Amino acid sequence: MDTMRISAGAEKIPVKCNSLSSLVTRRWRTKTFPARIRTWRLLSVKSISTNPKTLVTDSEQVASSIKHHSEFTPLFSPEKFELPKAFFATAQSVRDALIVNWNATYEYYNRVNPKQAYYLSMEFLQGRALSNAVGNLGLTGAYGDALKSLGFELESVAGQEPDPALGNGGLGRLASCFLDSLATLNYPAWGYGLRYKYGLFKQIITKDGQEEAAEDWLELSNPWEIVRNDVSYPIKFYGKVVFGSDGKKRWIGGEDVVAVAYDVPIPGYKTKTTINLRLWSTKAPSSDFDLSSYNSGKHTEAAEALFNAEKICYVLYPGDESDEGKALRLKQQYTLCSASLQDIVARFETRSGGSVNWEEFPEKVAVQMNDTHPTLCIPELMRILMDLKGLSWEDAWRITQRTVAYTNHTVLPEALEKWSLELMEKLLPRHVEIIEKIDEELVSTIVSEYGTENPDLLKEKLKAMRILENVELPSAFADVIVKPESKPAIAEKTVDQTKDSKEDAQTVVKKEVEEEETAGVVAEVIPEPPKMVRMANLAVVGGHAVNGVAEIHSEIVKTDVFNDFVKLWPDKFQNKTNGVTPRRWIRFCNPYLSDIITNWIGTEDWVLNTEKLAELRKFADDEDLQSEWRAAKKKNKLKVVSLIKERTGYTVNPDAMFDIQIKRIHEYKRQLLNILGIVYRYKKMKEMSASERKKAFVPRVCIFGGKAFATYVQAKRIVKFITDVGSTINHDPEIGDLLKVIFVPDYNVSVAELLIPASELSQHISTAGMEASGTSNMKFSMNGCILIGSLDGANVEIREEVGEENFFLFGAKADEIVSLRKERAEGKFVPDPSFEEVKQFVRSGVFGSNNYDELIGSLEGNEGFGRADYFLVGKDFPSYVECQEKVDKAYRDQKRWTRMSILNTAGSSKFSSDRTIHEYAKDIWNIKQVELP
């Protein structure tokens, strides 16, 4: 009897093959296979007993592997072999190939024990894995041929894969690009995240605007993940802190859940290295199901503990306007931090063998917090080291600070997370004790740095820098700042406090307040400000490095957001400009352009060394290259024409300029500026004759994509307005193909992989100083798209690299924003007539009966919440319109435009995530490349 071994994760499972062979033979002879399957060559024992340590590269072997999985790893009934089944069988076949390298990577890292980086992120926006995996393995041709022999196209099979709903925007996509680069560059690293069952949401566009539905990406299972039933960790909430018999503090009682590991392989490009993305899912043990309550009819109550555990990983960013929503978000963040750190600590202990030296922990472990969401890593690592491993405060704090680093992704105040101290005391009582101690040490440092001679200065610094906001100073520092004497709320009348008084002073004051209220005078009661925990401050204090993600952003971080900390610890702050993986974002998503680049520079090495893209500069004026370049762009545009027809029902002209803005919907990203510019363009068209229109305007297809957060009302108004404008313009027979407005619903990575290669103009028009970096701008530029944008985020560096003449710049600069807002508040701003004109046009009812007063009203007035044009749409509008006229002029000269396009690709060499990862590895993590033998 033959035996083969199928690799599954780190295990090798023996399988008796004679039964498989006889089953296949029986079904073949009785013709119970579908017709398509019966056309295959008989699947023999020999074809499936391949050595698990050998990578299958021959198309015939690949076809056999796919056929094997369609029968013996079934997720569908055997009667049909259609696209969904073909996808799962193909993915499982590819996963087999990945597991060979995955196991080898696991084993080698365990043997050589290198320092390893761990990237913790609430989001990983991966995109589909099939095409990327076969591309990185160098098996695109083999799988393409194998599927053709089975009656399928690789592109069609890959299109069956749902996008993993593990992220929302640039934060998650950056994390995924980083994992690709870490694997490709052979750096020992893992990613850690949460396995969201229903994702953020599936966006549905109706006549009422955006509606949300649960994502269904896991309904048919995920062929890439392997659940590690032997890797799980307890997660505790609520409870209380007590002293144990050994004098150590213990966190006991409360609510307990279990975090279970689901692993996803991340292959490097043209390397054996395959690293791991470990996603946590939460559950409660079966014993928590109350069978007695269930049988008595209390079904919901019986399963309450199970639901409370599982819901932690249901949805990314659950609504947090309710107290329950806030608690759920905090549970999510703590689950990510606690499960990941318990896992990291366990791995460190295992690799240390019999003798664990905790001082070596920072020499073997680097933890990177992607934004403030994982900041609870700091008190959680302290808790583990002190309460579970027995270290002193001083030793645990030194180790923690040397281990953890923080990436800041925003200057927006609402994104610099703060948590209610009251909530955190209830949910994580031990962590609050640790945070209070960290805050106390920070207060000591601030007092030592600034002294007590200038109380006002010291008070200012403490207010800005403390981790605990609106909280009394620690008792040791209670007398550092002398408080002014408090005055009674009612002080107009003298209170008789003699012994003969029949009422004490408190009663008199109360009586007088009642009398004044009766008389219609109500004493003003000023509520105490809420006590908060400032997570960004904790991240800065607890980590050894803090980095921004673009040069301009890092300067704002140092001069504004964390300026007081910079003065205290100047060496802690760095810049690490973001980057994107050239594998997914040009090599695989734009094969037409990739082949042209390889042909003209004579090598495919640019996929790993993007500096070689600069060689395109010397061919920028070559007519043959320009002709090929335009042909590739046209092929990509035709794909988008099909996508638009399928998703929206609209037909667009592939010869029009494709003008694209795809990113999450937010006021600071200024989709509103874009659509108002389109409205202005439409108004001017309507005022002209047909011949005048054709002469004045270049045909455009203006494409939007992005999700508005479910509770972000203004963002949802913007989505509704865009779709209303599109509905009017797209049905206007006078305008025809001269202007189309498309909102592509449910934007995700797979949609971006189609839109970006087809783009000719891309809009990155955020208010200057408000976009940390952006990465879609890099993807567009890399694919030969010309950008229109403000001097914000990575736009600044892109413009420097591609050349000022190849970037359409408009708008106010970052250092002007504060004074412009002040000018607005003082009533000195005078809007341009064109801006007043476009607002009036919107209010005229031309785009339907919807009331846009709240939306347009946000651009008016000088002060107030939701007013006063905080994001300077009105200020930048005339500059934006003028810049768009320059775009039209340039596009008419196709030779000039193509040259600009080529120079954008040539200038994008700096924006590979490979470059960014090398910088993190050297300057923050201190890890070395480890290539498998």
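Quick caveat: nothing in here was measured; it's all calculated off a predicted structure.

In terms of regular secondary structure, the protein is built from 38 helices and 24 strands. Counting all 933 residues of the protein, 57% fall into the buried class. A sequence separation of at least 24 residues applies to 76% of the contacts in the protein between residues at least 6 apart. Of the accessible surface of the protein, which amounts to about 39,700 Å², a share of 50% is contributed by carbon and sulfur atoms.

The final tally for this structure, using the stated rule, is 38 aromatic pairs. Linked through ring pairs, Trp-102, Tyr-106, Tyr-118, Trp-190, Tyr-192, Tyr-233 and Trp-280 together constitute an aromatic cluster. Stacked on the ring of Trp-393, the Lys or Arg Lys-437 has its end atom at 5.8 Å from the ring centre. Here the guanidinium or amino end of Lys-707 rests over the ring plane of Phe-201, the centre of that ring lying 5.2 Å away.

So, on to the sheet that holds strand E16 (residues 532-534). Here we have 3 strands laid out as an open sheet, ordered E14-E16-E15, and antiparallel in their pairing. At either margin of the open sheet sits one strand with a lone partner, and together these are strand E14 (418-420) and strand E15 (468-469). Sheet analysis places E15 next to E16, joined by 2 bridges and oriented antiparallel. By the bridge assignment for E16, Glu-469 is matched with Met-532.

The next point concerns the packing of helix H27 (residues 671-686) against helix H34 (residues 833-843). One can describe the packing of H27 onto H34 by two numbers: an axis separation of 10 Å at closest approach and a directional angle of 85 degrees. As judged from the angle between their axes, H27 and H34 are roughly perpendicular. Listed contacts from H34 to Leu-676, Val-679, Tyr-680, Tyr-682, Lys-683 and Lys-684 of H27 are Ser-834, Phe-835, Glu-837, Val-838, Phe-841 and Val-842. Across the contact of H27 with H34, the residue classes tally to 8 nonpolar, 1 polar and 3 charged.

So, about the sheet that holds strand E17 (residues 546-548). The mixed open sheet is built from 9 strands, whose spatial order is E7-E10-E11-E4-E3-E12-E13-E17-E18. With one partner strand each, in any of the chains shown, strand E7 (226-237) and strand E18 (573-575) form the two edges of the open sheet. For this sheet, the mean angle separating the axes of adjacent strands, direction not counted, is 25 degrees. The sheet contact formed by E7 and strand E10 (residues 255-267) spans 9 bridges and is antiparallel. Within the sheet, the bridge partner assigned to Ile-226 lies in E10 and is Asp-263.

The next point concerns the side chain of Ser-281. Following the sequence through the fold, Ser-281 ends up in strand E11 (residues 274-283). A residue is classified by how much of its surface remains accessible, and Ser-281, at 15% relative accessible area, is buried. Setting aside residues up to four positions removed in sequence, Ser-281 forms contacts with Arg-195, Val-258, Ala-259, Val-260, Tyr-262 and Cys-313.

Take the environment of Gly-602 next. Looking at the element boundaries, Gly-602 is found in the loop between helix H25 (591-601) and helix H26 (623-648). Gly-602 sits in the exposed class, given a relative accessible area of 63%. Distance from Gly-602 to Glu-615, taken between C-alpha atoms, is 9.9 Å for residues 13 residues apart in sequence.

This part covers the pairing of E11. Of all 10 residues making up E11, 9 are buried, and the element is well covered by its neighbours. Bridging between strand E4 (residues 189-194) and E11 involves 5 bridges; their strand directions are parallel. Note on E11: the bridge partner recorded for Gly-191 is Leu-277.

Before going further, it helps to examine the pairing of strand E19 (residues 657-662). Every other side chain in a regular strand lies on the same face of the sheet, so the side chains alternate between the two faces. For E19, a buried count of 6 out of 6 residues is recorded, marking the element as mostly surrounded by other parts of the structure. Where burial is concerned, the two faces of E19 agree: the one with Met-657, Asp-659 and Gln-661 and the one with Phe-658, Ile-660 and Ile-662 are both buried. Bridge count between E19 and strand E20 (residues 700-705): 6 bridges; the pairing is parallel. Note that in E20 the partner of Phe-658 across the bridge is Val-701.

What follows covers unusual backbone geometry. When glycine is set aside, most residues are seen to have a negative phi, and most peptide bonds are trans. With a phi angle near 75 degrees, Asp-371 is a residue other than glycine that sits in the positive phi range. Relative to the assigned elements, Asp-371 resides in the loop between strand E12 (365-370) and helix H15 (377-388). For Asp-371, a relative accessible area of 7% puts it in the buried group. Positive phi is not limited to glycine here, since Ala-868 has a value of about 70 degrees. Following the sequence through the fold, Ala-868 ends up in the loop between helix H35 (853-857) and helix H36 (873-892). Overall, the relative accessible area of 12% leaves Ala-868 in the buried class.

Pairing between side chains becomes possible if they bear opposite charge and their charged atoms approach one another. On inspection of all chains with the given rule, the structure shows 64 salt bridges. Measuring nitrogen to oxygen at the nearest pair gives 2.7 Å for the salt bridge that ties Arg-430 to Asp-387. Residue Arg-430 is located in helix H18 (residues 429-450), and its partner Asp-387 is located in helix H15; the two are separated by 43 residues in the primary sequence. Judged by relative accessible area, which is 7%, Arg-430 ranks as buried. Between Arg-583 and Asp-914 there is a salt bridge; the shortest N-O distance is 2.8 Å. Of the two residues, Arg-583 sits in helix H24 (residues 582-588) while Asp-914 sits in helix H38 (residues 913-925), which places them 331 residues apart along the sequence. An identical accessibility class is assigned to Arg-583 and Asp-914; each is buried. Taken together, the salt bridges that share partners define one network made up of Arg-228, Asp-263, Arg-278, Asp-343 and Arg-347.

Looking now at the state of the cysteines. Within this structure, the stated rule accounts for 0 disulfides. Free of any disulfide, Cys-377 has its nearest cysteine sulfur in Cys-337, 3.7 Å distant.

On to helix H7 (residues 140-149). Of the positions making up H7, those classed as buried are Ala-142, Tyr-143, Gly-144, Ala-146 and Leu-147. Buried residues belonging to H7 abut helix H4 (59-72), helix H5 (83-112), helix H6 (130-137) and helix H8 (154-158). Once H7 ends, the next one or two residues include Gly-151, with phi positive near 95 degrees.

The UniProt record marks Lys-779 with the feature "modified residue: N6-(pyridoxal phosphate)lysine" (unreviewed entry), using the residue numbering of this structure. Locating Lys-779 in the fold gives a position in helix H31 (residues 776-782). By relative accessible area, Lys-779 is classed as buried at 6%.

Our next topic: the packing of helix H9 (residues 170-184) against H38. One can describe the packing of H9 onto H38 by two numbers: an axis separation of 9 Å at closest approach and a directional angle of 80 degrees. Put simply, H9 runs roughly perpendicular to H38. Here Cys-177, Phe-178, Ser-181 and Leu-182 of H9 lie close against H38, whose contacting residues are Ser-913, Asp-914, Thr-916, Ile-917, Tyr-920 and Trp-925.

What follows deals with the side chain of Lys-740. With respect to the secondary-structure elements, Lys-740 resides in strand E21 (residues 739-744). Within the buried set, Lys-740 has no salt-bridge partner at all; the shortest N-O distance to an opposite charge, 4.4 Å, is to Asp-737. Polar side-chain contacts of Lys-740 include one of 3.3 Å to the backbone oxygen of Asn-730. Ignoring any residue separated from it by four or fewer positions in sequence, one finds Lys-740 in contact with Thr-651, Val-652, Arg-700, Val-701, Cys-702 and Asn-730.

Note that an α-helix has 3.6 residues per turn; residues three or four places apart therefore point the same way. For helix H13 (residues 323-352), built from 30 residues, the straight-helix expectation of 44 Å at 1.5 Å per residue is met to within 8% by its first-to-last C-alpha distance of 43 Å. In terms of burial, H13 is largely enclosed, as 24 of its 30 residues are buried. Among the residues trailing H13, Gly-353 stands out with phi positive, at a value near 75 degrees.

Trp-280, Met-424 and Trp-925 are the most contacted members of the largest nonpolar core, which totals 160 residues. Looking at which element gives the most residues to this core, the answer is H5, with 13 residues. Those residues in contact with Met-424 that sit more than four places away from it in its chain are Leu-330, Leu-376, Trp-419, Pro-429, Val-432, Ile-435, Val-533 and Met-535.

Conventions used here
Residues numbered from 1 in each chain as written. Predicted model: local features only at pLDDT ≥ 70, side-chain atom pairs only at ≥ 80, totals over all residues. Heavy atoms only, no water. Helix = DSSP H or I, 4+ residues; strand = E, 2+ residues; numbered from the N terminus. Buried < 20%, exposed > 50% of the residue type's maximum accessible area, 1.4 Å probe, protein only. Contact = heavy atoms within 4.5 Å. Areas by Shrake-Rupley, 256 points an atom, 1.4 Å probe, with all protein chains shown as cover. Phe/Tyr/Trp six-rings, centres within 6.5 Å; stacked < 30°, edge-to-face > 60°. Lys NZ or Arg CZ within 6 Å of the ring centre and 35° of its normal. Pairing = 2+ DSSP bridges. Axes fitted to C-alpha atoms, helices over the stretch in contact; angles between N-to-C directions. Parallel < 35°, antiparallel > 145°, perpendicular 65-115°, else oblique. Nonpolar A, V, L, I, M, F, W, Y, C, P; charged D, E, K, R; others polar. Salt bridge = Lys/Arg side-chain N within 4 Å of Asp/Glu carboxyl O. Disulfide = S-S within 2.5 Å. UniProt positions renumbered as here; feature names shortened; annotations may be inferred. Lys, Arg positive; Asp, Glu negative; His and termini not counted. Polar contact = N/O pair within 3.5 Å; in protein donor to acceptor, adjacent residues only side chain to side chain. Expected span 1.5 Å × (residues − 1). Core = buried A, V, L, I, M, F, W, Y, C linked by side-chain atoms within 4.5 Å.

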